[in-house]
Amino acid sequence: MTLLETLNQDMKQAMKNKDKQTLSVIRMVKASIQNETIKLGKDSLSEDEEISILSREVKQRKDSLQEFKSASRDDLVQQVELELDILQTYMPKQLTDEELEAIVKLTIEEVNATSKKDMGKVMSAIMPKVKGKADGSQINKLVQKQLSN
């Protein structure tokens, strides 16, 4: 089942349950997917493209969460945290720290990286492997840690 089909099913269920919060988030994700589809001039998006859109939405929420926390806007913090929880249910299973570290080490060996100068090379090789399954900043920290050893 594609992400769009899952969203449609969940949207119907949210309507039946009168769950306005979930319904709002699902509609927002569907709109993002439709906008991207139109922008790319396609009939439908690949799974990778759908994951990219979801990842972008999650990242936006995380950035907003940081801003609201620093501004002491607890009302908005709760709202965004709830949206994040709903979005996370549609994301692929996240990799554990151990799995990520193994991927980072393997990729560093694959591209023959030896110093921090090779950071870009390593990151561009890792990101397609972990798309949607890990946070970019977490990967960045792991790569820096490995390259500084």
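Heads up: the structure comes first, above all this text.
Overview of the structure. Small disclaimer: the values here were computed from a predicted structure and weren't measured. (Residues numbered from 1 in each chain as written. Predicted model: local features only at pLDDT ≥ 70, side-chain atom pairs only at ≥ 80, totals over all residues. Heavy atoms only, no water.)

## Concerning the overall build of the chain
The criterion, for reference: Secondary structure elements are taken from DSSP: a helix is a run of H or I of four residues or more, a strand is a run of E of two residues or more, and numbering for both begins at the N terminus. Throughout, exposure labels follow a simple rule: accessible area from a 1.4 Å probe, protein chains only, divided by the maximum for the residue type, with under 20% read as buried, over 50% as exposed, and the rest as partly exposed. We call two residues in contact whenever any of their non-hydrogen atoms come within 4.5 Å of each other. In this description, accessible areas are obtained by the Shrake-Rupley approach with a 1.4 Å probe, and a residue is regarded as covered only by the protein chains that are shown. Neither His nor the chain ends is counted toward charge; the positive residues are Lys and Arg and the negative residues Asp and Glu. To locate a charge, the coordinates of NZ of Lys, CZ of Arg, CG of Asp or CD of Glu are taken.
Regarding its fold elements, the chain presents 7 helices and 0 strands. The N-to-C order of helical and strand elements in the chain reads α-α-α-α-α-α-α. For the chain, the C-alpha atoms occupy an extent of roughly 55 × 45 × 25 Å along the three principal directions. Sorting the 149 residues of the chain into buried and exposed places 34% on the buried side. When contacts within the chain are restricted to residue pairs at least 6 apart in sequence, long-range pairs at least 24 apart make up 56% of them. Of the roughly 9,500 Å² of accessible surface on the chain, a fraction of 50% belongs to carbon and sulfur atoms. Positive and negative charge centroids in the chain, built from 24 and 25 side chains respectively, lie 2 Å apart.

## Details of the layout of surface pockets
As a reminder, the rule being used: Cavities and pockets are found on a 1 Å grid laid over the protein atoms alone: a cavity is a set of points where a 1.4 Å probe fits but cannot escape, a pocket is an open set with protein on both sides within 12 Å along at least five of seven lines, and a lining residue has an atom within 4 Å of such a point. Grid points are joined across faces, edges and corners, and a volume is the space filled by probe spheres set on the points. Under this grouping Gly is polar, as are all residues other than the nonpolar Ala, Val, Leu, Ile, Met, Phe, Trp, Tyr, Cys and Pro and the charged Asp, Glu, Lys and Arg.
Approximately 460 Å³ is the volume attributed to the largest pocket. Lining the largest pocket we find 20 residues, and of these Ser55, Lys59, Ala134, Asp135 and Gly136 sit closest to its centre. Sort the elements by how many residues they give to the lining of the largest pocket and helix H3 (residues 47-70) lands first, with 6 residues. Classifying every residue of the lining of the largest pocket gives 6 nonpolar, 7 polar and 7 charged. Considering only enclosed or pocket space, the second largest pocket measures out at about 170 Å³ in volume. Lining the second largest pocket are Met1, Thr2, Leu3, Thr6, Glu47, Glu50, Ile51, Leu54, Tyr90, Met91 and Pro92. Mapped onto the lining of the second largest pocket, the elements with two or more residues apiece are helix H1 (3-17) and H3. When the residues that make up the lining of the second largest pocket are grouped by side-chain class, the tally is 7 nonpolar, 2 polar and 2 charged.

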